[in-house]
Amino acid sequence: MIDALSLALTVLAAGTALAVLATAAGGRFRRSAFAPALSLLEAGLAVQAALDVIGLARGHRPGEQATHVAYLVASLVVVPLAALETRRADGGWSAALLAVALVAVAVLVIRMQTTWR
Amino acid sequence: MALSVPERSARDRAAGSARDRAAPSRAERRSAPRSLGPERVLLGLYLLFVVAAGARSAVQLALHAGRAPLPYGLSAFAAVVYLVGFLLVRRVSRGGDRRPLAVCSLVELAGVVTVGTASLVDGSAFPDATVWSGFGAGYLFVPLVLPVAVLVWLRRAPLDG
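Residues numbered from 1 in each chain as written. Chains lettered and ligands numbered in written order. Predicted model: local features only at pLDDT ≥ 70, side-chain atom pairs only at ≥ 80, totals over all residues.

(A) Region of interest: the overall build of chain A. In terms of helices and strands, chain A carries 4 helices and 0 strands. Counting helices and strands in the order they occur from the N terminus, chain A gives α-α-α-α. Its C-alpha atoms give chain A a radius of gyration of 15 Å, within 12% of the compact-globule value 13 Å for 117 residues. With the principal axes as the frame, chain A shows a C-alpha extent of 50 × 20 × 20 Å. If you take every contact in chain A between residues at least 6 apart in sequence, the share linking residues at least 24 apart comes to 84%. (Helix = DSSP H or I, 4+ residues; strand = E, 2+ residues; numbered from the N terminus. Rg over C-alpha atoms; globule rule 2.2 N^0.38 Å. Contact = placed C-beta atoms within 7 Å.)

Now the structure itself:
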């Protein structure tokens, strides 16, 4: 894992979650407006996953390997699932669901830094 | 009187266009804006905790079950409760009976409060954390808030089933 990439992904996920909640609080939440941020986040998570797989293939053994692999898979699945569920839905509950998914991704990335060591 | 073929076709076309106006096409349904309710957020949270508690207990029980059987067993129990909660929220959102979900939420709340209190009072019994340790502090206290949110939702959601 590259610490700088993990930090960037955590900040992007948490920042997007805050932006989602802020726009929802102001009644201006538009799901389509967050599509670029979600795509960027998922691309970053895919790069992180690829780097982890390369690291494992080269012989790195994480302290909690099984947990790390479970987090890795979950981190790749959460954003597409939330994006699919909230497509064309601009209401407050759609924003809440998206924010929950983004916070979950941020927590997963932080936890993965611990399980990788 | 029997209709001629052109007259019948014209009538069918008129009926067809009326049907088209009444029922949106599949393409229209796909592009129409949707509205999500609070149950989608509850379902998302339950799904997250099914995975979190399930993966946690599965890994712990598979790799070192003897190290801390009580917390690992409680994590497995929590995973089952979250799975049942997920299924029951889905059932209620489709108009099903609310009572099983209320019971499940009360069991869940009792579990969080009991395990949370026990983990603070007798830390030695919990050498490794469970999802419900410290009232779910490791998960931003969502495990404590979730059953309460479900009970509030059950009280406020319109009765349609």
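(B) A look at the overall build of chain B. For chain B, the helix and strand inventory stands at 6 helices and 0 strands. Secondary structure of chain B in N-to-C order comes out as α-α-α-α-α-α. Across chain B, the fraction of contacts at a sequence separation of at least 24, relative to all contacts at a separation of at least 6, is 60%.

(C) Structural detail: the interface of chain A and chain B. Taken together, the contacts link 17 residues of chain A with 15 residues of chain B. Of all elements in the fold, only helix H3 (65-85) and helix H4 (92-116) of chain A reach the threshold of two or more residues within the side of chain A that touches chain B. Take the side of chain A that touches chain B: its biggest share by element is 7 residues, from H4(A). Partitioning the side of chain A that touches chain B into residue classes produces 10 nonpolar, 4 polar and 3 charged. (Nonpolar A, V, L, I, M, F, W, Y, C, P; charged D, E, K, R; others polar.)

(D) Main features of helix H2 (residues 35-57) of chain A. Residues and elements named next belong to chain A. Here H2 contains 23 residues, and its C-alpha end-to-end distance of 33 Å stays within 8% of the 33 Å for a straight helix at 1.5 Å per residue. Against helix H1 (3-25), H3 and H4 lie the buried residues of H2. In the segment just after H2, Gly 59 is the residue with positive phi, at about 110°. (Expected span 1.5 Å × (residues − 1).)

(E) Broad picture of the packing of helix H4 (residues 69-93) of chain B against helix H5 (residues 99-121) of chain B. Residues and elements named next belong to chain B. As a packed pair, H4 and H5 sit with axes 9 Å apart at the nearest point and diverge in direction by 150°. Comparing their axes, H5 and H4 come out roughly antiparallel. Here the hand of the crossing between H4 and H5 comes out left-handed. Residues Leu 74, Ala 78, Val 81, Val 84, Gly 85, Leu 88, Val 89 and Val 92 of H4 form the contact with H5, whose own contacting residues are Pro 100, Leu 101, Cys 104, Ser 105, Val 107, Glu 108, Gly 111 and Val 115. (Axes fitted to C-alpha atoms, helices over the stretch in contact; angles between N-to-C directions. Parallel < 35°, antiparallel > 145°, perpendicular 65-115°, else oblique. Left-handed = near helix turned anticlockwise from the far one by under 90°.)

(F) Just the nonpolar core, in detail. Counting residues in hydrophobic clusters, the biggest one holds 64 residues, and the most contacted among them are Ala101(A), Leu102(A) and Val105(A). At the level of secondary structure, the elements contributing two or more residues to this core comprise H1, H2, H3 and H4 of chain A together with helix H3 (38-64), H4, H5 and helix H6 (142-156) of chain B. It is H4(A) that contributes the most residues to this core, 17 residues altogether. With sequence-adjacent residues up to four places away left out, Ala101(A) is seen in contact with Val78(A), Val79(A), Ala82(A) and Gly44(B). (Core = buried A, V, L, I, M, F, W, Y, C linked by C-beta atoms within 7 Å. Buried ≥ 20, exposed ≤ 12 C-beta atoms within 10 Å, placed from the backbone.)

Fair warning: the whole summary comes from geometry, so function is off the table for now.
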